[in-house]
Amino acid sequence: SASWPEHSMRAYTQSAARACPALEASFQRTSDGVWVACHDLSLNTVDPTAPTTPVRDLTWEQVRHNTTKGEPLMRAEELIAVYGPTHVLVIDPKSGADRFEELAALGLDPARTIMKFSIDATWLAARYRAAGYKCWGYAYQPNLASVAGYQAAWDYLGMEWDATKETWDTMLSYGKPVWGHVCPSAAAVQAALDKGASGCMVSAVADVLPLRV
């Protein structure tokens, strides 16, 4: 989202052109069961002309005329069809997480998909794993004290890239890969790697990876 309109096919195409091996996407489920690529509950953060009504309370017909910073909104099946066969997809079913099986049924391959959610949602991690998916639980420095009780449910952990080294040492002590999130620059990526990150979730992809020609 720091390089191109967030959750647009243009952003994923540009990321793929820079040999980004994994693509992360958040989805909201409309009231009639369409999964729309969108991080926030409503679309007005990416389209000021959109209603403030949560996507979950609107039909696809009501939301499809909006945009993400001028780019067309993307449905889950579009991303899956184009990049599911070639990339690891990291999927966050924001609203509608309790119905993530519907999203998975659109063609997600458990061998190439990592399901994501807040680290405290251990009930969801159990469902992810039961369905054959690896899963990533992300956390923030203020809730570090509670991570010990949640971390066992997840295959991968996440921590803010700019959290303290002490916080990172605690996360790493669980013996699992920890990813830095959300890195807005190449300097942020390096800071996370210096603290022990196994990888990073990056918003400024163009700043981090060169275009492959």
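The structure under discussion appears in the preceding block.
Given the structure is predicted, the values throughout are model-derived calculations rather than measurements.

Draft legend 1. Region of interest: the overall build of the chain. In terms of helices and strands, the chain carries nine helices and 10 strands. Compactness check: the chain gives a C-alpha radius of gyration of 17 Å against a globular reference of 17 Å for 213 residues, within 12% of the reference. The C-alpha extent of the chain, read off along each of the three principal axes, is 50 × 40 × 35 Å. Residues counted as buried form 46% of the 213 residues belonging to the chain. Long-range contacts, defined as pairs at least 24 residues apart, comprise 50% of the intrachain contacts of the chain with a sequence gap of at least 6. Positive and negative charge centroids in the chain, built from 18 and 23 side chains respectively, lie 4 Å apart.

Draft legend 2. View of the layout of surface pockets. Estimated volume of the largest pocket: approximately 880 Å³. For the largest pocket, the lining is made up of 37 residues, of which Glu24, Cys200, Met201, Val202 and Ser203 are closest to its centre. Every element with two or more residues in the lining of the largest pocket is listed here: α1 (9-17), β1 (22-29), β5 (88-95), β6 (113-118), β7 (134-138), β9 (178-183), β10 (199-202) and α9 (205-208). A breakdown of the residues in the lining of the largest pocket according to their chemical character gives 23 nonpolar, nine polar and five charged.

Draft legend 3. A look at the nonpolar core. Core analysis: the largest hydrophobic core is formed by 40 residues, its most contacted members being Phe27, Leu108, Tyr128 and Trp154. By size, the runner-up hydrophobic cluster in this structure holds 11 residues, among which are Val36, Val55, Leu58 and Trp60.

Draft legend 4. Molecular detail of the environment of Tyr150. Structurally, Tyr150 can be placed in helix α6 (residues 144-150). The class of Tyr150 is partly exposed, set by a relative accessible area of 27%. Measuring from C-alpha to C-alpha, the distance between Tyr150 and Thr49 comes to 39 Å, with 101 residues separating the pair along the chain. In contact with Tyr150, not counting residues within four places along its chain, are Ile119, Asp120 and Thr122.

Draft legend 5. Region of the structure containing the side chain of Thr167. Looking at where Thr167 falls in the secondary structure, it is placed in helix α7 (residues 165-172). Given a relative accessible area of 5%, Thr167 falls into the buried group. Of note is the side chain of Thr167, whose polar atom sits 3.1 Å from the side chain of Gln141. Side-chain polar atoms of Thr167 contact the side chain of Thr164, separated by 3.0 Å. Look past the residues within four positions of Thr167 in its chain and what remains in contact with it is Gln141, Leu144 and Met159.

Draft legend 6. Representation of helix α5 (residues 122-130) in the model. Along α5, the residues that are buried comprise Leu124, Ala125 and Tyr128. Projected onto a plane normal to the axis of α5, the buried residues spread over an arc of 105° and lie on a single side. Elements that come into contact with the buried residues of α5 comprise β5, α4 (100-104), β6 and β7. Looking one or two residues beyond α5, the residue adopting positive phi is Gly132, at roughly 95°.

Draft legend 7. Here's a closer look at the pairing of β10. Side-chain alternation along β10 places Gly199 and Met201 on a buried face and Cys200 and Val202 on a face that remains uncovered. Direction of pairing for β9 relative to β10: parallel, over a ladder of three bridges. Bridge pairing in β10 links Cys183 to Val202. For the handedness criterion, the β-α-β arrangement of β9, helix α8 (residues 186-194) and β10 is classed as right-handed.

Draft legend 8. Layout of unusual backbone geometry. At His7, a position not held by glycine, the phi torsion is positive, near 55°. You can see His7 is positioned in the segment before α1. In this structure, Ala19 is a non-glycine residue whose phi angle is positive, near 60°.

Draft legend 9. Quick look at the packing of aromatic side chains. Scanning the model with the defined rule gives seven aromatic pairs in all. Plain terms: the ring middles of Phe100 and Tyr128 are 4.8 Å apart, the flat faces sit at 85° to each other, and that makes the pair edge-to-face. Residue Phe100 is located in helix α4, and its partner Tyr128 is located in helix α5; the two are separated by 28 residues in the primary sequence. The same class applies to Phe100 and to Tyr128, which are both buried. Arranged with centres 5.1 Å apart and planes meeting at 25°, the rings of Tyr156 and Trp179 form a pair that is stacked. With Tyr156 in strand β8 (residues 156-160) and Trp179 in strand β9, the pair connects residues that are 23 residues apart, well separated along the chain. Members of the aromatic cluster, connected to one another through ring pairs, are Trp136, Tyr138, Tyr140, Tyr156 and Trp179. Note that Arg75 overlies the ring of Trp60, its terminal NZ or CZ placed 5.0 Å from the centroid.

Definitions and cut-offs
- Numbers given to residues run from 1 along each chain, matching the order in which its sequence is written.
- For this predicted model, a pLDDT threshold of at least 70 governs which residues receive local features, and a threshold of 80 or more governs which side-chain atom pairs are given and counted, while totals over whole chains, interfaces and linings are taken from all residues.
- Side-chain measures were taken over the full set of non-hydrogen atoms in the model, leaving aside hydrogen atoms and water.
- Helix and strand assignments follow DSSP, with helices taken as H or I runs no shorter than four residues and strands as E runs no shorter than two, numbered in order from the N terminus.
- Only the C-alpha atoms count toward the radius of gyration. The rule for a globule is 2.2 Å times the residue count to the power 0.38.
- Accessibility here uses a 1.4 Å probe with only protein chains present; expressed as a share of the type maximum, an area under 20% marks a residue as buried, one over 50% as exposed, and anything in between as partly exposed.
- Should any heavy atoms of two residues lie within 4.5 Å, those residues are considered in contact.
- For this count, His and the chain ends are skipped, Lys and Arg are scored as positive, and Asp and Glu as negative.
- Each charge is placed at NZ for Lys, CZ for Arg, CG for Asp and CD for Glu.
- In this analysis, the protein atoms alone were mapped onto a 1 Å grid. Cavities are point sets where a 1.4 Å probe fits without being able to get out; pockets are open sets with protein on both sides within 12 Å along at least five of seven lines; lining residues have an atom within 4 Å of a point.
- Grid points are joined across faces, edges and corners, and a volume is the space filled by probe spheres set on the points.
- Note on residue categories: nonpolar means Ala, Val, Leu, Ile, Met, Phe, Trp, Tyr, Cys or Pro, charged means Asp, Glu, Lys or Arg, and polar means any other residue, Gly included.
- Buried Ala, Val, Leu, Ile, Met, Phe, Trp, Tyr and Cys residues form a nonpolar core when they are joined through side-chain atoms within 4.5 Å.
- Residues adjacent in sequence count toward polar contacts only when both atoms are side-chain atoms; beyond that, a polar contact is any pair of N or O atoms within 3.5 Å, and within protein one must be able to donate a hydrogen and the other to accept it.
- Note that the arc is defined by the directions from the helix axis to the C-beta atoms.
- Should DSSP find at least two bridges between two strands, the strands are regarded as paired.
- By convention a crossover is right-handed if, when the strands point away from the viewer, the path from the first strand over the helix to the second runs clockwise.
- Aromatic rings from Phe, Tyr and Trp, with only the six-membered ring used for Trp, were paired whenever their centres fell within 6.5 Å, and each pair was classed as stacked if the ring planes differed by under 30 degrees, edge-to-face if by over 60, and tilted otherwise.
- Our definition puts a charge over a ring when NZ of Lys or CZ of Arg is within 6 Å of the ring centre and also within 35 degrees of the ring normal.

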